[in-house]
Amino acid sequence: MPAGTLRVSGLNAGYGRTVIVEEVDLLVPAGQRLSIIGRNGMGKTTLLATLMGLTTHHSGTIEIDGASIEKASATRRAAAGLGYVPQTRDVFKTLTVEENLVSGLKGHPKSNIERAYEMFPRLKERRRNLGWQLSGGEQQMLATARALLGEPSILLLDEPLEGLAPVICQELTAAFGELAASGKMTIILVEQHVKNALAFADEVLVMERGRIVWSGPSRVIAEDTSLIDKYVGVSSLH
Amino acid sequence: MTAITSTRTALPARHGLRDAVGAGVILAVGIGCHYLFPNSLSFLTMILSVSLLVMSLDLVTGVSGVATLGHAVLYGAGAYAAGIASVNGISDPLLLLLIGSLAGLLAGIVSGALILKGHGLPQLVISIALVQLGYEGVNKASAVTGGSDGLAGLSIGPLFGLYQFDLWGRTAFWLALAIVVVVAVLLRILARSPFGMLCKGIRQDPVRVRAMGASSYVTLLKMYAISGVVAGLGGALQAVSTQVVGLDSITFTASAEALVMLIVGGTGTIFGALLGTFVFMWFEHAVSAANPFHWLILVGILLIVVVLFAPRGIYGLGMRLFERKDG
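The shown structure was predicted, so the numbers you read here are calculated from the model rather than taken from an experiment.

A. Just the packing of helix α12 (residues 271-290) of chain B against helix α13 (residues 295-309) of chain B, in detail. Residue and element names in this part refer to chain B. Relative to each other, α12 and α13 sit at 150°, their axes nearing to 9 Å. Classified by the interaxial angle, the pair formed by α12 and α13 is roughly antiparallel. α12 and α13 meet at a crossing whose hand is right-handed. Contact residues: Phe280, Phe283, Glu284, Val287 and Ser288 in α12; Trp295, Leu298, Val299, Leu302 and Leu303 in α13.

B. Here's a closer look at the UniProt feature "transmembrane region" (unreviewed entry) in chain B. All names here are of chain B. According to UniProt, the "transmembrane region" (unreviewed entry) feature falls on residues 43-60, 72-90, 96-116, 172-191, 224-247, 259-283 and 295-315. End C-alpha to end C-alpha, residues 96-116 measures 29 Å, and it is 95% helix and 0% strand. Helix makes up 79% of residues 224-247 and strand makes up 0%, while its end C-alpha atoms are separated by 23 Å.

C. Inspection of the nonpolar core at higher detail. Among the nonpolar cores identified, the biggest contains 139 residues, and Leu155 and Ile221 of chain A together with Leu52 and Met55 of chain B are the most heavily contacted of them. Leaving out residues up to four positions away in the same chain, leucine 155 of chain A has contacts with Gly83, Val85, Ala147, Leu148, Leu179, Met185, Thr186, Ile187 and Ile188 of chain A. In this structure, Leu6, Ile62, Leu82 and Tyr84 of chain A belong to the second largest nonpolar core, which totals 27 residues.

D. Spatial organisation of the packing of helix α3 (residues 72-87) of chain B against helix α10 (residues 216-242) of chain B. All names here are of chain B. Two elements in contact, α3 and α10, have axes separated by 6 Å at closest approach and are oriented at 50°. Here α3 lies oblique to α10, going by the angle between them. Where α3 crosses over α10, the two elements pack in a sense that is right-handed. Across the interface between the two elements, Leu74, Tyr75, Gly78, Ala79, Ala82 and Gly83 of α3 pack against Tyr224, Ser227, Gly228, Ala231, Gly232, Gly234, Gly235, Ala236, Gln238 and Ala239 of α10. Taken together, the residues of the contact of α3 with α10 break down into 8 nonpolar, 8 polar and no charged.

E. Geometry of the sheet that holds strand β1 (residues 6-15) of chain A. Residue and element names in this part refer to chain A. Here 4 strands make up an open sheet; going across it, the order is β2-β1-β4-β5 and the pairing antiparallel. Edge positions in the open sheet fall to β2 (18-28) and β5 (67-68), since each of these has one partner strand only. Here strand β4 (residues 56-64) pairs with β5 via 2 bridges, running antiparallel. Bridge pairing in β5 links glutamate 63 to serine 68. The strands touched by helix α1 (residues 44-52) are β1, β2 and β4; relative to β1, the strand with the most contacts, the crossing angle is about 110°.

F. Geometry of the packing of aromatic side chains. A full pass over the atoms with the stated rule returns 5 aromatic pairs over all chains. The interplanar angle of 50° and the centroid separation of 5.8 Å between the aromatic rings of phenylalanine 43 of chain B and tryptophan 282 of chain B together place this pair among those described as tilted. With phenylalanine 43 of chain B in helix α2 (residues 41-63) and tryptophan 282 of chain B in helix α12, this pair connects stretches of sequence that are 239 residues apart. Classification of tryptophan 282 of chain B by relative accessible area gives partly exposed; the value is 24%. The ring of phenylalanine 92 of chain A carries the charged tip of arginine 146 of chain A above its face, separated from the ring centre by 4.9 Å. The side chain of lysine 117 of chain B reaches across the aromatic face of tyrosine 217 of chain B, ending 4.6 Å from its centre.

G. A look at the pairing of strand β8 (residues 186-190) of chain A. All names here are of chain A. Counting buried residues in β8 gives 5 out of 5 residues, a clear majority hidden from the surface. As defined by bridge partners, strand β3 (residues 33-37) adjoins β8 across 4 bridges and the pair is classed as parallel. Across the sheet, the residue bridging to leucine 34 is isoleucine 188, located in β8. Where strand β7 (residues 154-158) lies against β8, 5 bridges are found, and the strand directions are parallel. For leucine 155, the partnering residue across the bridge sits in β8 and is isoleucine 187.

H. Summary view of the interface of chain A and chain B. Each side of the interface is counted separately: chain A has 35 residues, and chain B has 29 residues. For the chain A and chain B pair, buried surface summed over both sides reaches about 2700 Å², with 60% attributable to carbon and sulfur atoms. At the junction of chain A with chain B, the criterion picks out 0 salt bridges. Counting residues per element, the side of chain A that touches chain B draws most heavily on helix α6 (residues 136-149) of chain A, which supplies 4 residues. When its residues are assigned to classes, the side of chain A that touches chain B shows 15 nonpolar, 11 polar and 9 charged.

I. The arrangement of the sheet that holds strand β10 (residues 211-217) of chain A in detail. All names here are of chain A. In spatial order, the strands read β6-β7-β8-β3-β9-β10; together these 6 strands make up an open sheet with mixed pairing. Because the sheet does not close on itself, it has two edges, and the strands there are β6 (82-85) and β10. Within the sheet, the average angular offset between the axes of one strand and its neighbour, ignoring direction, is 15°. Alignment of β3 against strand β9 (residues 203-208), held across 4 bridges, turns out to be parallel. Paired with isoleucine 36 across the bridge in β9 is leucine 205. Relative to the sheet, α1 contacts β3, β6, β7, β8 and β9, its axis offset from that of β7 by approximately 145°.

J. Summary view of the environment of alanine 77 of chain B. All names here are of chain B. On the secondary structure map, alanine 77 appears in helix α3. Between the alpha carbons of alanine 77 and glycine 228 there is a distance of 9.0 Å; along the sequence they are 151 residues apart. Those residues in contact with alanine 77 that sit more than four places away from it in its chain are Ala103 and Ala107.

K. Layout of helix α4 (residues 93-115) of chain B. Residue and element names in this part refer to chain B. The terminal C-alpha atoms of α4 lie 31 Å apart, and with 23 residues this matches the ideal 33 Å at 1.5 Å per residue to within 8%. Taken residue by residue, α4 has Pro93, Leu96, Leu97, Gly100, Ser101, Ala103, Gly104, Ala107, Gly108, Ser111, Gly112 and Ile115 as its buried positions. Those residues of α4 hidden inside the fold are in contact with α3, α5 (121-140), α7 (170-191) and α10. The N-capping residue of α4, defined by a side-chain oxygen 3.1 Å from the backbone nitrogen of leucine 94, is aspartate 92.

L. Broad picture of the pattern of salt bridges. All names here are of chain A. Applying the stated criterion across every chain yields a total of 10 salt bridges over all chains. In this structure, glutamate 22 engages arginine 211 in a salt bridge whose closest nitrogen and oxygen atoms are separated by 3.2 Å. Taken together, the positions of glutamate 22 in strand β2 and arginine 211 in strand β10 put the pair 189 residues apart, joining distant regions of the chain. With a relative accessible area of 27%, glutamate 22 lands in the partly exposed category.

Reading guide: rules and limits
- Residues numbered from 1 in each chain as written.
- Chains lettered and ligands numbered in written order.
- Predicted model: local features only at pLDDT ≥ 70, side-chain atom pairs only at ≥ 80, totals over all residues.
- Heavy atoms only, no water.
- Axes fitted to C-alpha atoms, helices over the stretch in contact; angles between N-to-C directions.
- Helix = DSSP H or I, 4+ residues; strand = E, 2+ residues; numbered from the N terminus.
- Parallel < 35°, antiparallel > 145°, perpendicular 65-115°, else oblique.
- Left-handed = near helix turned anticlockwise from the far one by under 90°.
- Contact = heavy atoms within 4.5 Å.
- UniProt positions renumbered as here; feature names shortened; annotations may be inferred.
- Core = buried A, V, L, I, M, F, W, Y, C linked by side-chain atoms within 4.5 Å.
- Buried < 20%, exposed > 50% of the residue type's maximum accessible area, 1.4 Å probe, protein only.
- Nonpolar A, V, L, I, M, F, W, Y, C, P; charged D, E, K, R; others polar.
- Pairing = 2+ DSSP bridges.
- Phe/Tyr/Trp six-rings, centres within 6.5 Å; stacked < 30°, edge-to-face > 60°.
- Lys NZ or Arg CZ within 6 Å of the ring centre and 35° of its normal.
- Buried area = accessible area lost by both parts, 1.4 Å probe.
- Salt bridge = Lys/Arg side-chain N within 4 Å of Asp/Glu carboxyl O.
- Expected span 1.5 Å × (residues − 1).
- Polar contact = N/O pair within 3.5 Å; in protein donor to acceptor, adjacent residues only side chain to side chain.

In structure tokens form, the structure reads like this:
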């Protein structure tokens, strides 16, 4: 599946009656790397979950390559090309690494597992270990690899580097960069580490209280520390 | 970070070998029983047909985590469909097994569609209600089902046009043994397929599966349908082998006993379901013959011992000992 284009217009969503994401408009062209940054509790995770169909949709449209998906179930959205790696590193703790990967095949060829192992060789070494026996970084690799098995055209990554050792962060960031460089998918990354987020992305969105308050090229915000101080916090780049 | 750096094998990868060994053991035990207990072939065939019910229950409960106490409704559907077809002129045993499987499929889809709407205790209640409804429905429709008298007068033709279903139950036994071996291996392959792994994922956390973009309900409904085919096949096998279908094939008690057999053998492994059926029914048969007044006490003690000392069932205990010995 080639990289997909995501278009969101006037999106309002949340949990039940509570609206968390408000009036979000965004356009992510095919193959773009987009980072979403912002302080904790500003709606970044809810926005990704909303794109995946895991929250209550109130109004607005979501389109992948021109096809409207805002009413579709998570299953249909996955079939339309969305891949999602949630913040909670959702690996199945009592299944082995290989079984976790097999569970994510959903009709795709088994050879995809070998490709996942090429991207994350560490997982191949651990293929017979259970999910709970993996480190946080390995769980993150596994969750990402499992999402990739479905050959998504748009990959949503929710704070994949949170709480990981610097060496693992580097390994994962390199893998994400490799994925983006392949041009086969559009990647939307929610990230607390502003430095990582800016280094990864072409474009950046800043969210505050469920709304997008700034958007533009990552180099612009990287060069203007006052913007970062204003929206994210003084020490975020260090 | 607490990485476990060893490459300890948590679950052995030699699945194919295990399947082959398991199939070999089932065949060897079956052949051994045939020659050691030639007068008990009908009872052994009954064990084999009930084992299909218990294996089908393992698919939905052990593999997929669905709580049910009404699985006998699928078994009964297969038994009555085959029985009714037989009294209405269909005598080919393989065709009757197919009819029973299809009836099980239909019952699996209908009951699965309802049971899967609930979770936890409501799920159990719906399953119990379904088996009670099935029981009452069959009882009331006595013109077709024979009601509480059971459905008799089944006429079963020879298998492949060659092997008559004799009084000693030899043909039925070999047929049942062949079916059980094939079904057990197929279900093990199913359980470790991408679909089976997804079901195991749902058992662990349906929300995670949703985030993966899979539908828990649809996936489990498919598993319920497959489970229905297997249970229906078991029921039809019972009808073909005994040539009578009774209300006891569609009771809450039969459902609860199937769950007990599954727990005795071990959940989620398929072979455990088969082992549990064999051990439980054989034990029940032996102790009820030895002590017709207090045998239920002994059955109760067996269950307590298994649950306390082998919480993963007899098969799970055996595998643990084997893996320990294997290093």
